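# Remarks on the overall topology
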Amino acid sequence: MKQKLTMMVNRYEVSESDAAGNPVRVMALAEQKRMAFKEQVTFFSDAGKSRAVFGFKARRKLDLNAGYDITDESGAQIGFFRKDFGASLLRSTFHVEGPGYAGTGQERNQLVGLLRRFTDLDFIPIHFDFADAEGRPLFSVERKMSLGDRYRVTVPDQRVDFRVAAAVAVALDALMAR
């Protein structure tokens, strides 16, 4: 996934990658309006926004523990995530749910998380690992070292719909003001 910054909108491109991490096929494009009171991101099938294919939306306005519903193109819920504000004071923590699984994701490295909070260094990598209650990996999101925000999202658990992982990856970037 890569992000393109513009004045009023964050744009994201979600691509399937080969084994070396090179994008081979665009799967969805998303836009997030900056400074919105109720967070909502819609993913489209193409740059012309001809068809919305999935998205996420906050359940409530301006809530630090807000939950976000992830829906498919018909509006049916395919997942849910929320930030755990209390646990996130030292290490950002999110909870995620989908059909047949639930898990928690945290920043991989607490020291990096603390550095990110107390410095203005934009190049610090952000790595999140999501696991179920038994500790089995659900998916991971890794910010690559680059001038623009680029993330590698890996989904080893087949129960996790790629749309849920993509929505959470965009949310991590957008909600953490990257």
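For the structure, see preceding data.
To keep things clear, this report deals only with the structure shown in the data block. This is a predicted model, so every value here is computed, not measured. (Residues numbered from 1 in each chain as written. Predicted model: local features only at pLDDT ≥ 70, side-chain atom pairs only at ≥ 80, totals over all residues. Heavy atoms only, no water.)

### Here's the deal with the overall build of the protein chain
Across its full length, the protein chain holds two helices and 12 strands. Beginning at the N terminus, the succession of helices and strands in the protein chain can be written as β-β-β-β-β-β-β-β-β-α-β-β-β-α. Within the protein chain, the proportion of its 178 residues that are buried is 39%. Here the contacts in the protein chain between residues at least 6 apart in sequence split such that 33% fall between residues at least 24 apart. When the accessible surface of the protein chain is split by element, carbon and sulfur atoms take 55% of a total near 9,900 Å². (Helix = DSSP H or I, 4+ residues; strand = E, 2+ residues; numbered from the N terminus. Buried < 20%, exposed > 50% of the residue type's maximum accessible area, 1.4 Å probe, protein only. Contact = heavy atoms within 4.5 Å. Areas by Shrake-Rupley, 256 points an atom, 1.4 Å probe, with all protein chains shown as cover.)

### Here's the deal with the pairing of strand 6 (residues 67-72)
Sheet topology places strand 5 (residues 52-58) next to strand 6; five bridges connect them, and they run antiparallel. Residue pairing across strands places Phe56 opposite Ile70, the latter belonging to strand 6. Looking at chain direction, strand 6 and strand 7 (residues 77-83) are connected through five bridges and run antiparallel. Pairing of Gly67 across the sheet is with Arg82, part of strand 7. Connecting the antiparallel pair strand 6 and strand 7 is a turn made up of four residues, with Gly75 showing a positive phi of about 95°. (Pairing = 2+ DSSP bridges.)

### As for the pattern of salt bridges
Tallied over the entire structure, the rule returns 11 salt bridges. Between Glu73 and Arg51 there is a salt bridge, with the nearest N and O atoms lying 3.2 Å from each other. Of the two residues, Glu73 is situated in the loop between strand 6 and strand 7 and Arg51 in the loop between strand 4 (40-44) and strand 5; the sequence distance between them amounts to 22 residues. Taking the shortest distance from any N to any O, the salt bridge between Asp69 and Arg59 comes out at 2.8 Å. Here Asp69 is found in strand 6, whereas its partner Arg59 is found in the loop between strand 5 and strand 6, with 10 residues between them in sequence. (Salt bridge = Lys/Arg side-chain N within 4 Å of Asp/Glu carboxyl O.)

### Let's talk about the packing of aromatic side chains
Describing an aromatic ring pair means giving the distance of the ring centres and the angle of the ring planes. Under the criterion given, the structure shown has eight aromatic pairs. Relative to Phe54, the ring of Phe43 lies with its centre 4.1 Å away and its plane at 10°, an arrangement referred to as stacked. Of this pair, Phe43 sits in strand 4 while Phe54 sits in strand 5, and the two are 11 residues apart along the sequence. Both residues of the pair, Phe43 and Phe54, belong to the buried class. Look at Phe94 and Phe128: their rings are 5.9 Å apart centre to centre, the planes differ by 70°, and that puts the pair in the edge-to-face class. Of this pair, Phe94 sits in strand 8 (residues 93-98) while Phe128 sits in strand 10 (residues 127-132), and the two are 34 residues apart along the sequence. The residues Phe94 and Phe128 share a single accessibility class, namely buried. (Phe/Tyr/Trp six-rings, centres within 6.5 Å; stacked < 30°, edge-to-face > 60°.)

### As for the environment of Leu138
Inspection of the secondary structure assignment puts Leu138 in strand 11 (residues 137-144). Exposure remark for Leu138: the relative accessible area of 0% places this residue in the buried category. Separated by 18 residues in the primary sequence, Leu138 and Pro156 place their C-alpha atoms 6.2 Å from one another. Residues contacting Leu138, with those up to four places away along its chain left out, are Val96, Tyr101, Ala102, Gly103, Phe130, Ala131, Asp132, Val155, Pro156, Asp157, Arg159 and Val160.

### So, unusual backbone geometry
With a phi close to 55°, Lys49 is a non-glycine residue in the positive phi region. Along the chain, Lys49 turns up in the loop between strand 4 and strand 5.

So yeah, pure geometry; function would need other evidence.
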